[in-house]
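Here is how the chains run, residue by residue.
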Amino acid sequence: MTISFSETVTGHIADGVLVITIDNPPVNAASAEMRAGLAAAVEHAHTSREITAVVVTGAGKNFVGGADIREFGKPMAEPILPQVVAAIEASEKPVVAAINGAAFGGGLELALACHSRVAAKGAKLGLPEVKLGIVPGAGGTQRLPRLTGIPAAIELIGTGRMAGAEEAMRLGMVDRLAEADVIEAAASAARALVGSSLRRTGQLQVPHADDQAAEAAAAKVLAKARGQAAPAEAIRLVRLAGEVGLDEGLAEERATFLRLRDSDQAKALRHVFFAERAAAKVAGLEGVEPRPVSTIGVAGLGLMGSGIALAALDAGYRVVAVEQSADAAQKGRVRIEGLLERAVKSGRLDDAGRSERLGRLTIADGLDALAAADLVIEAVFDDIEVKTKLFRELDGIVRPDAVLATNTSYLDPDALAAATSRPERVLGMHFFSPANIMRLVEVVRGAKTAPDVLATGLAVAKRLGKLPIVCGVCEGFVGNRIFSAYRREAEYLLEEGALPHEIDAAMEGYGFAMGPFAVFDLAGLEIAWARRKRQAATRDLSVRYVDIADRLCEAGRFGQKTGRGWYVYVDGKRQVDPDVTAMIEAARAAKGILARPIPNAEIVSRLLSTMAEEGRALLTEGIAERASDIDLVMINGYGFPAHKGGPMYQAGVSGG
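Small disclaimer: the values here were computed from a predicted structure and weren't measured. (Residues numbered from 1 in each chain as written. Predicted model: local features only at pLDDT ≥ 70, side-chain atom pairs only at ≥ 80, totals over all residues. Heavy atoms only, no water.)

### Notes on the overall build of the protein chain
Alright, step 1. When helices and strands are counted, the protein chain shows 26 helices and 21 strands.
Alright, step 2. For a compact globule of 656 residues, the expected C-alpha radius of gyration is about 26 Å, and the protein chain comes in at 28 Å, within 12% of that figure.
Alright, step 3. Along the longest, intermediate and shortest principal axes, the C-alpha atoms of the protein chain span 85 × 60 × 45 Å.
Alright, step 4. When burial is assessed residue by residue, the protein chain has 56% of its 656 residues classed as buried.
Alright, step 5. Long-range contacts, defined as pairs at least 24 residues apart, comprise 73% of the intrachain contacts of the protein chain with a sequence gap of at least 6.
Alright, step 6. As displayed, the protein chain offers around 27,600 Å² of accessible surface, 54% of which is attributable to carbon and sulfur atoms.
Alright, step 7. The protein chain carries 75 positive and 82 negative side-chain charges, and their two centres are separated by 1 Å. (Helix = DSSP H or I, 4+ residues; strand = E, 2+ residues; numbered from the N terminus. Rg over C-alpha atoms; globule rule 2.2 N^0.38 Å. Buried < 20%, exposed > 50% of the residue type's maximum accessible area, 1.4 Å probe, protein only. Contact = heavy atoms within 4.5 Å. Areas by Shrake-Rupley, 256 points an atom, 1.4 Å probe, with all protein chains shown as cover. Lys, Arg positive; Asp, Glu negative; His and termini not counted. Charge placed at Lys NZ, Arg CZ, Asp CG, Glu CD.)

### Side note on the environment of Arg392
Alright, step 1. Position of Arg392 relative to the elements: it lies in helix H15 (residues 384-395).
Alright, step 2. Sequence separation of Arg392 and Leu416 is 24 residues, and the distance between their C-alpha atoms is 8.3 Å.

### Here's the deal with the side chain of Asn636
Alright, step 1. For Asn636, the position within the fold is in helix H25 (residues 627-638).
Alright, step 2. A polar side-chain atom of Asn636 sits 3.4 Å from a polar atom in the side chain of Arg439.
Alright, step 3. Beyond its immediate chain neighbours, meaning those up to four positions away, Asn636 contacts Met438, Arg439, Leu440 and Leu467. (Polar contact = N/O pair within 3.5 Å; in protein donor to acceptor, adjacent residues only side chain to side chain.)

### Describing the pattern of salt bridges
Alright, step 1. What the rule picks out here adds up to 46 salt bridges.
Alright, step 2. The partner of Lys387 in a salt bridge is Glu378, with the nearest N and O atoms 2.8 Å apart. The pair formed by Lys387 and Glu378 is uniform in burial state, with each residue classed as buried.
Alright, step 3. The shortest N-O distance in the salt bridge between Asp550 and Arg532 comes to 2.7 Å. A residue pair is termed long-range when its members are at least 10 positions apart, and Asp550 in helix H22 (residues 548-554) and Arg532 in helix H21 (residues 526-535) qualify at 18 residues. With respect to class, Asp550 is no different from Arg532; both count as buried.
Alright, step 4. Linked by salt bridges that have partners in common, Glu489, Glu495, Glu496, Arg544, Lys591, Arg596, Glu602 and Arg606 make up one network. (Salt bridge = Lys/Arg side-chain N within 4 Å of Asp/Glu carboxyl O.)

### Some words on the sheet that holds strand S15 (residues 375-378)
Alright, step 1. Pairing within the open sheet is mixed, and its 8 strands lie in the order S14-S13-S12-S15-S16-S17-S18-S19. Of all strands in the sheet, those with a lone pairing partner are strand S14 (361-364) and strand S19 (467-471), marking the two edges. Averaged over neighbouring strand pairs, the angle between their axes works out to 25 degrees when direction is ignored.
Alright, step 2. By the bridge criterion, 3 bridges tie strand S16 (residues 403-406) to strand S17 (residues 426-431) in an arrangement that is parallel. Paired with Leu404 across the two strands is Val426, which belongs to S17.
Alright, step 3. Across the sheet, helix H17 (residues 451-463) lies against strand S12 (295-299), S15, S16, S17, strand S18 (440-444) and S19, angled at about 25 degrees from S17, the strand it touches most. (Pairing = 2+ DSSP bridges. Axes fitted to C-alpha atoms, helices over the stretch in contact; angles between N-to-C directions.)

### A closer look at the packing of aromatic side chains
Alright, step 1. Tallied over the full model, the rule gives 12 aromatic pairs.
Alright, step 2. Summarising the aromatic geometry, the rings of Tyr510 and Phe640 are spaced 6.0 Å apart at their centres and angled 80 degrees between planes, so their arrangement reads as edge-to-face. Residue Tyr510 is found in helix H19 (residues 500-510), and its partner Phe640 is found in the loop between H25 and helix H26 (647-650); the two are separated by 130 residues along the sequence. An identical accessibility class is assigned to Tyr510 and Phe640; each is buried.
Alright, step 3. Among the aromatic residues, those joined into a cluster by ring pairs are Phe432, Phe483, Tyr486, Tyr510, Phe512, Phe517, Phe520, Trp566, Tyr638 and Phe640. (Phe/Tyr/Trp six-rings, centres within 6.5 Å; stacked < 30°, edge-to-face > 60°.)

### Some points on the nonpolar core
Within soluble globular proteins, side chains that are nonpolar generally end up buried alongside one another.
Alright, step 1. Ranked by internal contacts, the top residues of the largest apolar core, which has 72 residues, are Ile88, Ile99, Leu110, Leu125 and Ile154.
Alright, step 2. Among the elements that take part in this core, helix H9 (residues 229-241) stands out by supplying 7 residues, more than any other.
Alright, step 3. Beyond its immediate sequence surroundings of up to four residues, Ile99 is in contact with Phe63, Ala111, Arg117, Val118, Ala119, Ala120, Ala123, Leu125, Val174 and Val182.
Alright, step 4. In terms of nonpolar packing, the next biggest core, distinct from the first, is built from 62 residues, Ala490, Leu494, Ile548 and Val604 among them. (Core = buried A, V, L, I, M, F, W, Y, C linked by side-chain atoms within 4.5 Å.)

### Quick look at the sheet that holds strand S9 (residues 124-126)
Alright, step 1. Taken in spatial order, the 4 strands make up an open sheet running S5-S7-S9-S10, and their pairing is mixed. The strands lining the two open edges of the sheet, one partner per strand, are strand S5 (62-64) and strand S10 (162-164). This sheet shows a mean twist of 20 degrees between the axes of neighbouring strands, independent of strand direction.

### Observations concerning helix H14 (residues 351-359)
Since the α-helix packs 3.6 residues into each turn, any two residues three or four apart lie on the same face.
Alright, step 1. Listing the buried residues of H14 in full gives Gly353, Arg354 and Arg357. Looking straight down H14, one finds that the buried residues subtend no more than 100 degrees of arc, so they occupy a single side. Turned more than 90 degrees away from the buried face of H14 sit Ala352 and Gly359, all of them exposed.
Alright, step 2. The secondary structure elements touched by the buried residues of H14 are helix H12 (303-314), helix H13 (326-345) and S14. (Arc of directions from axis to C-beta.)

### As for helix H3 (residues 106-113)
Alright, step 1. Taken across its 8 residues, H3 has 8 buried, putting it largely inside the fold.
Alright, step 2. Residues of H3 that are buried: Gly106, Gly107, Leu108, Glu109, Leu110, Ala111, Leu112 and Ala113.

### Topic: the packing of helix H1 (residues 32-47) against helix H2 (residues 81-90)
Alright, step 1. In the contact formed by H1 and H2, the axes pass within 10 Å of each other and the chain directions differ by 20 degrees. Regarding the angle of H1 to H2, the classification is roughly parallel. H2 is crossed by H1, and the crossing has left-handed handedness. Between H1 and H2, the contacting residues are Arg35, Leu38, Ala39 and Val42 on the first element and Leu81, Val84, Ala87 and Ile88 on the second.
Alright, step 2. Its residues placed into classes, the contact of H1 with H2 shows 7 nonpolar, no polar and 1 charged. (Parallel < 35°, antiparallel > 145°, perpendicular 65-115°, else oblique. Left-handed = near helix turned anticlockwise from the far one by under 90°. Nonpolar A, V, L, I, M, F, W, Y, C, P; charged D, E, K, R; others polar.)

### Here we look at the pairing of strand S8 (residues 116-120)
Alright, step 1. Most of S8 is tucked away: 5 of the 5 residues are buried.
Alright, step 2. Residues of S8 alternate between two faces, with Ser116, Val118 and Ala120 on one and Arg117 and Ala119 on the opposite face, all of them buried.
Alright, step 3. Here S8 runs beside strand S11 (residues 176-178); their pairing, made up of 3 bridges, is parallel. By the bridge assignment for S11, Ala119 is matched with Leu177.

### As for the environment of Gly60
Alright, step 1. By secondary structure assignment, the location of Gly60 is in the loop between strand S4 (53-58) and S5.
Alright, step 2. For Gly60, a relative accessible area of 65% corresponds to the exposed category.
Alright, step 3. Along the chain, Gly60 and Ile22 lie 38 residues apart, while their C-alpha atoms are 9.4 Å from each other.

### Remarks on the side chain of Thr256
Alright, step 1. Mapped onto the secondary structure, Thr256 falls in helix H10 (residues 246-261).
Alright, step 2. We classify Thr256 as buried; its relative accessible area is 0%.

### What to know about the packing of helix H5 (residues 150-159) against H9
Alright, step 1. Contact pair H5 / H9: the axes reach a minimum separation of 9 Å and the direction vectors enclose 155 degrees. In terms of axis orientation, H5 runs roughly antiparallel to H9. You can see that H5 and H9 cross each other, and the crossing is right-handed. Residue-level inspection shows Ile150, Ala153, Ile154, Ile157 and Gly158 of H5 in contact with H9, the latter providing Pro231, Ala234, Ile235, Val238 and Arg239.
Alright, step 2. Broken down by class, the residue content of the contact of H5 with H9 amounts to 8 nonpolar, 1 polar and 1 charged.

Here it is in structure tokens:
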């Protein structure tokens, strides 16, 4: 018999065990209604003589996926999650969590309060609150270190990283992995606990921490925080768990959670959170099904093509990758095998996983091998003649229903589509380097791209684990067009009195991982130089132009790869180069510009304003659908600090 405790929480009794099921699609979020139902179920178990033990689980693929996003930024209705968690931990009857899938945030906090945890092998556990500018607020910072120890808890909570079931077992987060049915395994564990002294997580002593290990974990977290408040607060709270009793630790955690929840950083990160959900809703694709894709072709096996091939292998696709010669194809194979070997050495992949991926990989030195592909992504040299020739040839090789995608950064996908007999099957899929790591993919809708082709690009990008952002056709699409404006303004600042390291320091102080000139050196200066030379004949001479970067390239200073660019590199470390300073001063003098000191605040303000201004133009032209899409592109592709919300958020621009 099913007992209903609320619309989202039900239960049934099997051999004395009340199995409580949380069913709140799509992720079983801990909404107010769910919390009330769970509290009622726990109270029912307490008062019922028929019930000797309790199992808590989730319906579908999630245990509990975290807080209800509809409650973000609003006062929490009672019972609040800490009250429900406390009731579970205080229960006189054993409560076992059957972690059937994702247990994130408040979901993991619920599980930590149970007297035992059994996980399905595919389950994932984590406390990702720092990614929203907050800390766990229902005991996560106080209970997790009692199970894992302080260093591991600092790393997990401070980064918001997810752990798989096997790792969670090693760390002590779960007590058992279910070989088959996780609910049956949890029920068996619950019955075994009846009449015994229950292991209440909050009453455990925090394991003695090696101070050096804890310091190392904290330093690693803080190095990536770059101005975010939540990671530092999470570290403080985890350490506090080893210094004070549970009640005092919980009180401090809750006070910190509430303070951070209303902070500017949390508001910005909530904007990013909702922006990602909005980006998945693409106009014109309602009810449109993507074309089936099981085999992905990759044309070109340089750094970008190899990364795309690896991402496709990681996502379970069969991959056919081609190069123009046997030697180039072999170099591509070596590159992909090297990336897989690196993943094995880092522990992200085992030998069996590497072998399985290689078993799905075919590498050839002729385009004919792509005939079996459902989708071909080209990643050849970014030259219009090279790519046009390739698309013309592919058009006669692949099936009529196969999709063709270009990975171009700047070229016109419509021009490439025009070289084929079926332009409706062509779209842009602009990956960011390294393609197997970077999350962003700009999915470019051409003038004739069919809706199901666009849907296919989006579906494949999502399966690759990427964040796809749809945009229209223009030079540079969204990201590179804004980045070009950013570069231009940074060069204006150079002419007016700032130096590269001063501009970089200002932007890094704002929260960027790297300032613009450090990024230019890392990417290499010769590609942008070649583009400027191509455009020289048509450049509007009335528009201000800074030629300092051209002078660097003419001197053979192409960036980090050559040891000299905007900086000089000694043992891989960048240093200010007096020769570059002299070149900048000479350029100013040639134009009669009197240098002035430019404060950091002005540097940041001008560069942010330039990004937002270009973003407004993209919205006006219909290239970008939403201001929040632009924010996502700049955050995930160009290092804009997520806790600042993006350039459009900072400028107060909304809508599309």
